[in-house]
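Letter by letter, the chains look like this.
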Amino acid sequence: MAEGSPAVLNGPSPYLPFDGRPFRQRIGQRPLDLAQWIEPDEQFAAELALKHQLLTDRHDEVFAALPFALAASEEVDALLATHMQTYYPSLVRTFVDGLHPLDAA
């Protein structure tokens, strides 16, 4: 993991309201620490394996994107690839060319 990279979560996400405290209606918005916008946990490998299986076996049922979304999809893919390479280089995977950028992300 790169120096200064965020730790892998082992508990509930800090921004989920299901932490045992009494419910309190509020907006609760706060700035997102961009170093932690992706939080791989102990389920990361299993979830990616399931994603791969679903995209392979049932692609048309689990994925759809309109053509005008391609540029934004490429941006998301590039941002995610850069983030993962910077903070979680051991988790970076190589993808097959020809996939839609959101398939690859």
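Residues numbered from 1 in each chain as written. Predicted model: local features only at pLDDT ≥ 70, side-chain atom pairs only at ≥ 80, totals over all residues. Heavy atoms only, no water.

Asker: Explain the confidence of the model for the protein to me, please; I cannot follow it from the model alone.
Answerer: Regions with low pLDDT carry predicted coordinates that are not meant to be interpreted in detail. Here the protein shows a mean pLDDT of 78. Residues at 70 or above account for 68%. Across the protein, the secondary-structure element scoring lowest on mean pLDDT is helix 4 (residues 101-104), at 80, and the one scoring highest is helix 2 (residues 59-62), at 91. (pLDDT = per-residue confidence, 0-100. Helix = DSSP H or I, 4+ residues; strand = E, 2+ residues; numbered from the N terminus.)

Asker: Honestly, helix 3 (residues 70-87) in this entry has me stumped. Any pointers?
Answerer: The periodicity of an α-helix, 3.6 residues per turn, causes residues three or four places apart in sequence to face the same way. The end-to-end C-alpha separation of helix 3 is 26 Å, in line with the 26 Å expected for 18 residues at 1.5 Å each. Those residues of helix 3 lying buried are Ser 73, Leu 80, His 83 and Met 84. Projected down its long axis, helix 3 carries its buried residues within an arc of 95 degrees, all on one side. The exposed set on the far side of helix 3, more than 90 degrees from its buried face, consists of Ala 71 and Thr 82. Where helix 3 is buried, its residues contact helix 1 (44-57) and helix 4. (Expected span 1.5 Å × (residues − 1). Buried < 20%, exposed > 50% of the residue type's maximum accessible area, 1.4 Å probe, protein only. Arc of directions from axis to C-beta. Contact = heavy atoms within 4.5 Å.)

Asker: Just to check I follow, could you spell out a nonpolar patch on the surface for this structure?
Answerer: On the surface, a nonpolar cluster with roughly 430 Å² of combined accessible area is contributed by Leu 32, Leu 34, Trp 37 and Leu 79. Topologically, Trp 37 is positioned in the segment before helix 1. Looking at Trp 37, the relative accessible area reads 35%, which means it is partly exposed. (Patch = residues over 30% accessible without salt bridge, like charges linked within 9 Å, V, L, I, M, F, W, Y side chains within 5 Å. Areas by Shrake-Rupley, 256 points an atom, 1.4 Å probe, with all protein chains shown as cover. Salt bridge = Lys/Arg side-chain N within 4 Å of Asp/Glu carboxyl O.)

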